[in-house]
Amino acid sequence: MAYQIDYAYTCHIGKVRANNEDNFWCSGVRLPVHNQGLDGVLTGHAKNWDLPVLAVFDGMGGESCGEVAAFLAVEELGRYYEQNRKNLRREPHDFLRELCENMNRAVCRYSREKRVGSMGTTAAFMAFGEKNLYACNVGDSRIYEFCDGKLEQISTDHVAFARGIGKAPLTQYLGLDEENMALEPSLRLLPYQAGSRYLICSDGVTDMLTLEELRDFLGREGTAEAKVSAILKKALEKGGRDNVTMILIQIEGSEEKNPFKIWMGRHGADC
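This one's a predicted model, so the numbers in the text were calculated from it and none came from an experiment. (Residues numbered from 1 in each chain as written. Predicted model: local features only at pLDDT ≥ 70, side-chain atom pairs only at ≥ 80, totals over all residues. Heavy atoms only, no water.)

## Re the sheet that holds strand β12 (residues 244-254)
Move 1: If you trace the six strands from one edge of the open sheet to the other, you get β3-β1-β12-β11-β8-β9, paired in antiparallel fashion. Because the sheet does not close on itself, it has two edges, and the strands there are β3 (42-47) and β9 (150-153). On average, adjacent strands in this sheet sit at an angle of 20° to one another, irrespective of strand direction.
Move 2: Relative to β12, helix α5 (residues 224-237) is tilted by about 155°, and along the sheet it contacts β1 (2-12), β3, β11 (197-201) and β12. (Pairing = 2+ DSSP bridges. Helix = DSSP H or I, 4+ residues; strand = E, 2+ residues; numbered from the N terminus. Axes fitted to C-alpha atoms, helices over the stretch in contact; angles between N-to-C directions. Contact = heavy atoms within 4.5 Å.)

## Quick look at the side chain of T10
Move 1: Mapped onto the elements, T10 comes out in strand β1.
Move 2: In this structure the side chain of T10 is engaged in a polar contact, spanning 2.8 Å, whose partner is the backbone oxygen of G40.
Move 3: If near-sequence neighbours (up to four positions away) are discounted, T10 is found in contact with L38, G40, V41, V228, L232, V244, T245 and M246. (Polar contact = N/O pair within 3.5 Å; in protein donor to acceptor, adjacent residues only side chain to side chain.)

## Here we look at the pattern of salt bridges
Move 1: Applying the stated criterion across every chain, the model contains twelve salt bridges.
Move 2: With a shortest N-O distance of 3.7 Å, R97 and E98 are connected by a salt bridge.
Move 3: On the basis of relative accessibility, which here comes to 40%, the residue R97 falls in the partly exposed class.
Move 4: Ionic contacts of the salt-bridge type, sharing partners, join the residues D94, R97, E98 and E101 into one network. (Salt bridge = Lys/Arg side-chain N within 4 Å of Asp/Glu carboxyl O. Buried < 20%, exposed > 50% of the residue type's maximum accessible area, 1.4 Å probe, protein only.)

## Some words on the packing of helix α4 (residues 211-218) against α5
Move 1: For the pair α4 and α5, interaxial distance at closest approach is 9 Å and the crossing angle is 155°. Considering their axes alone, α4 and α5 lie roughly antiparallel with respect to each other. Helix-helix and strand crossings are classified by hand; for α4 and α5 the assignment is right-handed. Two secondary-structure elements touch here, α4 through E213, L214, F217 and L218 and α5 through K227, A230, I231 and K234. (Parallel < 35°, antiparallel > 145°, perpendicular 65-115°, else oblique. Left-handed = near helix turned anticlockwise from the far one by under 90°.)

## Some details on helix α2 (residues 92-114)
Move 1: With 23 residues, α2 ought to run about 33 Å at 1.5 Å a step, and its terminal C-alpha atoms sit 33 Å apart, in line with that.
Move 2: Those residues of α2 that fall on the buried side of the exposure criterion are P92, F95, L96, L99, C100, N102, M103, N104, A106, V107, C108 and S111.
Move 3: In this structure, the buried residues of α2 make contact with β4 (53-60), α1 (65-90), β5 (120-121), β6 (123-128), β7 (132-138) and β10 (186-191).
Move 4: A positive backbone phi angle near 55° is found at R115, which sits one or two residues after α2. (Expected span 1.5 Å × (residues − 1).)

Structural data, given as structure tokens:
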């Protein structure tokens, strides 16, 4: 079975924040360190044998440190992916673990060199292998699966117990000093299922929309682009208090009849 991976994504500064601390990686597309988000919604597509990785980052830290942390993580993802993409086919769990460790080291290294006391970024991403797909996250950026009319959060919120007003602090993030606490990403292995949809998003989405609203948008017919546009519009209508970044993925399956074409698609780029 061959799988078509269609996706749409956007990154909006929102209606309150003066700067954008979010970033993303969509098969090589990302934002520069200082940016005002995207102008609209972009789209892309891939096959499962292309082994794509799609990710959202939500930076944190004052004096532009949040966008720097997110950018450093994105750049390290790109570097690691280009050098180790074959391992996503051969040893996917090792690929994901080492990717998170490398992104964490990149942010920590900058923090030490620049003597920045507090900076970091969340990460939520999906990696697509030939036979399975993988959801991985650090922090509170989320991944949802919509399948057969049901919406499920498949990421883990790494947050401390909230005891007062305001958001609870993160217990896991990229930029974590592992001398004090171990980096422990959450990982889910999932089978391919034609018709399934996955939403990767920063809290600029989840703080604005209810689960019922997300379920309604993801359950609609139509393109990923149309759904992302509708979710963004709703988040802004409800206040847009934070940067709004999301990637919506739609999986479709089809039988591939030509064995030679399958082999070339899977291995030609690695020869």
